[in-house]
Amino acid sequence: MNENRTQIKPYEYMEYFMLDTANLVSMGGDGQVNVMALLWKTIGQLWMIPTITVAVAPSRYTFELLTKGVPEFTVNIPSPETAGSINVTGALSGRNTNKVERAGLELIKGVKTEVPTIKGSLLSYECKIIHTCQSGKMASHHLFFGQILTAFASNDIVKK
Ligand SMILES: Cc1cc2nc3c(=O)[nH]c(=O)nc-3n(C[C@H](O)[C@H](O)[C@H](O)COP(=O)(O)O)c2cc1C
């Protein structure tokens, strides 16, 4: 399969990471994959480890998968071609919908994680959860800190 992407270091192409909404992919213990629209994300370091932190409300099916399924996730910054998927991944729940099929997304097997990434993304990060906590009084979300195990950029944005 031509994946049209290049492996990058965790903090390259940050201007694209900051773009609006991402797709967060998680996986149940039975291998079921779910995708959720994600606006609340940060990239940085925890204990000198490159991390992406995502905030997920306990009501999301994604929360169930992150806490009871595979302790990993991938963050995928949509390209103009895959951005339409947000209408599906941010409005429907994986509890009763296969959003990968519904949104017409193609998955790429994880290189370092069991959880796959999304084909056609501008950036994709494979992460292993190393810490979680509640976000505090301002919101009901929980924070999941994922060690970035590997990252990829679309060849459409990679500087030659
Ligand atoms: C643009 C957009 C951004 C969103 N960002 C977040 C977010 O950062 N955290 C969160 O918990 N939910 C967020 N949501 C809501 C979830 O994506 C939505 O509730 C989704 O249906 C949950 O799917 P799930 O039940 O399959 O996990 C966002 C929704 C949209 C439309």
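Everything here concerns the structure above.
Report follows, based on the coordinates.

Reading guide: rules and limits
Residues numbered from 1 in each chain as written. Predicted model: local features only at pLDDT ≥ 70, side-chain atom pairs only at ≥ 80, totals over all residues. Heavy atoms only, no water. Near = heavy atom within 4 Å. Polar contact = N/O pair within 3.5 Å; in protein donor to acceptor, adjacent residues only side chain to side chain. Areas by Shrake-Rupley, 256 points an atom, 1.4 Å probe, with all protein chains shown as cover. Helix = DSSP H or I, 4+ residues; strand = E, 2+ residues; numbered from the N terminus. Nonpolar A, V, L, I, M, F, W, Y, C, P; charged D, E, K, R; others polar. Core = buried A, V, L, I, M, F, W, Y, C linked by side-chain atoms within 4.5 Å. Buried < 20%, exposed > 50% of the residue type's maximum accessible area, 1.4 Å probe, protein only. Contact = heavy atoms within 4.5 Å. Salt bridge = Lys/Arg side-chain N within 4 Å of Asp/Glu carboxyl O.

In the vicinity of the ligand there are 21 residues, among which Thr62, Leu92, Ser93, Gly94 and Lys99 approach most closely. At 2.9 Å, a backbone N or O of Ala55 approaches a nitrogen atom of the ligand. Contact between the ligand and Arg60: an oxygen atom at 3.0 Å from a side-chain N or O atom of the residue. Isolated, the ligand exposes 650 Å² of accessible area, and the fraction of that covered by the protein chains is 81%. If you list the elements that add at least two residues to the shell around the ligand, you get strand E3 (33-38), strand E5 (49-56) and helix H2 (61-68). With four residues, the top contributor of residues to the shell around the ligand is E3. Each residue belonging to the shell around the ligand can be placed in one class, and the counts come to eleven nonpolar, eight polar and two charged.

If you look at the biggest cluster of nonpolar residues, it comprises 28 residues, and the most contacted ones within it are Ile52, Val54, Phe73, Val75, Leu123 and Tyr125. Elements supplying a minimum of two residues to this core: helix H1 (14-17), strand E2 (22-27), E3, E5, H2, strand E6 (72-77), strand E9 (123-134) and strand E10 (142-154). Once residues lying within four places of it in the same chain are set aside, the contact partners of Ile52 are Phe17, Thr42, Ile43, Phe73, Val75, Tyr125, Cys127, Phe144, Phe145, Gly146 and Ile148. Of all hydrophobic cores here, the second largest spans nine residues; its members include Val25, Val70, Val115 and Ile118.

In this fold, Ser26 is placed in strand E2. On the basis of relative accessible area, Ser26 is assigned to the buried category, the value being 0%. Leave out the neighbours within four places in its chain, and Ser26 touches Gln32, Val33, Asn34, Thr62, Leu65, Leu66 and Val115.

To continue, consider the pattern of salt bridges. Here the idea is simple: oppositely charged side chains can pair when their charged atoms come close. Enumeration according to the criterion identifies two salt bridges in this entry. Across the salt bridge formed by Glu3 and Arg5, the nearest N and O atoms sit 3.5 Å from each other. Of the residues examined, Arg5 reaches a relative accessible area of 16% and is grouped as buried. One salt bridge connects Lys119 with Glu106, and the closest N-O pair in it is separated by 3.8 Å. Of the two residues, Lys119 is situated in the loop between strand E8 (117-118) and E9 and Glu106 in the loop between helix H4 (99-102) and strand E7 (107-108); the sequence distance between them amounts to 13 residues. Owing to a relative accessible area of 47%, Glu106 belongs among the partly exposed residues under this scheme.

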